[in-house]
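Chain and residue survey
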Amino acid sequence: MAIFIEMAIVFFLLRCMPSLAASYDIDWSTGTDYSRWAAGKSIKVGDTITFHYGGFHTVNDVSQADYQACTTTTTLSSHAEGNTVFKLDKEGTRYFICSSAGHCQNGMKIAITVAAAAASGGAPALPSIPNANSPPETPLTTNEASFIHRQRKAVVFGIALFGLALLS
Ligand SMILES: [Cu+2]
């Protein structure tokens, strides 16, 4: 019996750990084929990419059409500082090119597909935690709901720690 409780606690603690965001480095220069850069990687929302470059290179955050045509008509942002970090904060494909003449045509263009973040391990449903207050008549606001969620998480965490202390 004890081993099952221990396993349940370990499982719960693992679920509580935040999934770690990854960071990727890109040496940004001509003569590199970036066309399949993202293919073997599982890039997710929350990850960051850093472009490392020098000289006359730039990093332009552009539309798909600009990426395909090597133009900068819809540049969302343009950078030339040599180390440019982008936080990938939403799903979809991001497009970056160098705006120096001829560089994009020579391969300085990259498309990065960003997948949804892994499901964050929220606390499992807890039906039996007694609540001193009667259920509210009106739907909870997001703040209230998240406060209760945090409260429940804290209670379960306390119980889990107590259980671990008993078992060890
Ligand atoms: Cu360039």
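Bear in mind the structure is a predicted one, so any value in this text is a computation, not a measurement. (Residues numbered from 1 in each chain as written. Predicted model: local features only at pLDDT ≥ 70, side-chain atom pairs only at ≥ 80, totals over all residues. Heavy atoms only, no water.)

**A few points about the coordination of the copper ion**
Around the copper ion, the protein contributes the donor atoms His57 (ND1), Cys98 (SG), His103 (ND1) and Met108 (SD), at 2.0 to 2.7 Å from the metal centre. Each donor residue of the copper ion lies on the same chain, and together they follow the pattern H-x40-C-x4-H-x4-M. In this pair, His57 sits in the loop between strand S2 (48-52) and strand S3 (59-62) while Met108 sits in the loop between strand S6 (92-97) and strand S7 (109-114), placing the two residues 51 residues apart along the sequence. Each member of the pair, His57 together with Met108, is buried. (Donors = N, O, S within 2.8 Å, 3.2 Å for Na, K, Ca; no water. Helix = DSSP H or I, 4+ residues; strand = E, 2+ residues; numbered from the N terminus. Buried < 20%, exposed > 50% of the residue type's maximum accessible area, 1.4 Å probe, protein only.)

**Looking at the pattern of salt bridges**
Under the counting rule described, the total for this entry stands at one salt bridge. Measuring nitrogen to oxygen at the nearest pair gives 3.0 Å for the salt bridge that ties Asp61 to Arg94. Of this pair, Asp61 sits in strand S3 while Arg94 is found in strand S6, placing the two residues 33 residues apart along the sequence. Asp61 gets classed as buried once you look at its relative accessible area, which sits at 6%. Accessibility expressed as a relative area gives 16% for Arg94, which makes it buried. (Salt bridge = Lys/Arg side-chain N within 4 Å of Asp/Glu carboxyl O.)

**Observations regarding the pairing of S3**
On a regular strand, each side chain points to the face opposite its neighbour's, so the side chains alternate between the two faces of the sheet. Residue alternation in S3 divides its side chains into two sets, Val59 and Asp61 and Asn60 and Val62, and both sets are buried. Where S3 and strand S4 (residues 77-79) come together, three bridges link them in antiparallel fashion. Bridge pairing links Val59 to His79 in S4. In the sheet, S3 pairs with S6 via three bridges, with the strands oriented antiparallel. Directly across from Asp61, in S6, lies its bridge partner Phe96. (Pairing = 2+ DSSP bridges.)

**Remarks on the packing of aromatic side chains**
One pass over the full model with this rule turns up seven aromatic pairs. Geometrically, the ring pair formed by Tyr24 and Trp37 is edge-to-face, given 5.9 Å between the ring centres and 80 degrees between the ring planes. Here Trp37 lies in the loop between strand S1 (23-27) and S2 and Tyr24 lies in strand S1, a separation of 13 residues in the sequence. In this structure Tyr24 comes out as buried when scored by relative accessible area, which is 17%. (Phe/Tyr/Trp six-rings, centres within 6.5 Å; stacked < 30°, edge-to-face > 60°.)

**Some thoughts on the environment of His52**
Tracing the chain through its elements places His52 in strand S2. The class of His52 is partly exposed, set by a relative accessible area of 28%. It is 7.3 Å that separates the C-alpha atoms of His52 and Asp25, two residues lying 27 residues apart in sequence.

**Observations concerning the pairing of strand S5 (residues 83-87)**
Residues of S5 alternate between two faces, with Thr84 and Phe86 buried on one and Asn83, Val85 and Lys87 left unburied on the opposite face. Pairing analysis gives five bridges linking S2 to S5, with the strands arranged antiparallel. When the bridges of S5 are listed, Thr48 appears paired with Lys87.

**A short note on the sheet that holds S4**
Strands sit in the order S4-S3-S6-S7 across an open sheet of four strands; the sheet is antiparallel. Whereas interior strands pair on both sides, the edge strands pair on one side only; in this sheet they are S4 and S7. Each neighbouring strand pair of the sheet contributes to a mean axis angle of 20 degrees, computed without reference to strand direction. (Axes fitted to C-alpha atoms, helices over the stretch in contact; angles between N-to-C directions.)

**What to know about the sheet that holds S5**
The strand order across the open sheet formed by three strands is S1-S2-S5, and the pairing between neighbours is mixed. Since the sheet does not close on itself, it has two edges, and those belong to S1 and S5, each with one partner. The average angle at which neighbouring strand axes cross in this sheet is 20 degrees, direction not considered. When S1 meets S2, the two strands line up parallel, connected through five bridges. Residue pairing in the sheet places Ser23 in a bridge with Thr48 of S2.

No statement about biological role is implied by the geometric values presented.
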